[in-house]
Amino acid sequence: MKLYFAPRTRSTRARWLLEELGVPYELVKLDLARQENTTPAYLSVHPLGEVPALADGEVTLLESLAICLHLADRFPEKHLAPRMGSAERGPYYQWMVFAEVSLEPVVMEFYRHAQLPEEQKASASSNEALAKHRSRLTAVLDVINVGLGGREFLVAGAFTAADVVMASILHLANTLKLLDGHPRLVEYVKRHTQRPAVRKAVSG
């Protein structure tokens, strides 16, 4: 297997999962600042020049969520996904997709706002848009908080790929100080981002 990777991107969650699995893989680091993701060689792997991409034999996957789903099922003996047909399989799918489709887009709105020049941040239109995003974020975080119910893991009473995806996005939210008022989510993020596999995944 070969993972095309750049730090501080969605490719980190794919690398995190590979490290959790403890399986051999080749890491191909791309320097986005030097536009190494726009070379003809990489565009033949990912036509949009984005990361991650995973080459696994004859299969090439381009989306981090698809990569995580694929890897967890590829190595069932590692128990990073509930078994097919189990009662936990549906909730596992739900939280994987909820993290990617409901949580990440609203967190990214706050991330983009944080990158704006100060004068744009202070504009009335920017603050109005941010208020709408904050309302949506609160609702989404409440769903996750209730879903966790004080447990350490999202599903199956054990760490799964769903926790990799959820914790990676919540980590960005916590960095942006968006989890204030949600101490259980902060605890969830800190617990999972202290795992040894995370340290390896962000080691450069």
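Residues numbered from 1 in each chain as written. Predicted model: local features only at pLDDT ≥ 70, side-chain atom pairs only at ≥ 80, totals over all residues. Heavy atoms only, no water.

1. Some details on unusual backbone geometry
With the exception of glycine, most residues fall at negative phi, and the peptide bonds are largely trans.
At step 1: Here the bond from Val 51 into Pro 52 is cis, since omega is 5 degrees, no more than 30 degrees from zero.
At step 2: With respect to the helices and strands, Pro 52 occurs in the loop between helix H2 (40-43) and strand S3 (53-56).
At step 3: With phi around 60 degrees, Gln 35 is a residue other than glycine that occupies positive phi space.
At step 4: Considering the arrangement of structural elements, one finds Gln 35 in the loop between strand S2 (26-29) and H2.
At step 5: A relative accessible area of 53% places Gln 35 in the exposed class.
At step 6: In this structure, His 79 is a non-glycine residue whose phi angle is positive, near 60 degrees.
At step 7: Structurally, His 79 is set in the loop between helix H3 (64-74) and helix H4 (89-114). (Helix = DSSP H or I, 4+ residues; strand = E, 2+ residues; numbered from the N terminus. Buried < 20%, exposed > 50% of the residue type's maximum accessible area, 1.4 Å probe, protein only.)

2. Focus on helix H8 (residues 183-193)
At step 1: When we look at burial in H8, the residues that qualify are Leu 185, Val 186, Tyr 188, Val 189 and His 192. Projected down its long axis, H8 carries its buried residues within an arc of 160 degrees, all on one side.
At step 2: Elements in contact with the buried residues of H8: helix H1 (11-21), helix H6 (124-148), helix H7 (161-175) and helix H9 (196-201). (Arc of directions from axis to C-beta. Contact = heavy atoms within 4.5 Å.)

3. What to know about the UniProt feature "domain: GST N-terminal" (unreviewed entry) in the protein
At step 1: Per the UniProt record, "domain: GST N-terminal" (unreviewed entry) is annotated on residues 1-79.
At step 2: The distance from the first to the last C-alpha atom of residues 1-79 is 19 Å, and the span holds 33% helix and 19% strand. (UniProt positions renumbered as here; feature names shortened; annotations may be inferred.)

4. Brief notes about the packing of aromatic side chains
At step 1: Under the defined criterion, the tally for this structure stands at 4 aromatic pairs.
At step 2: An angle of 35 degrees between the planes, with centres 6.2 Å apart, marks the rings of Trp 16 and Phe 159 as tilted. Taken together, the residues span a long stretch of sequence, with Trp 16 in helix H1 and Phe 159 in the loop between H6 and H7 at a distance of 143 residues.
At step 3: Trp 16 gets classed as buried once you look at its relative accessible area, which sits at 4%. (Phe/Tyr/Trp six-rings, centres within 6.5 Å; stacked < 30°, edge-to-face > 60°.)

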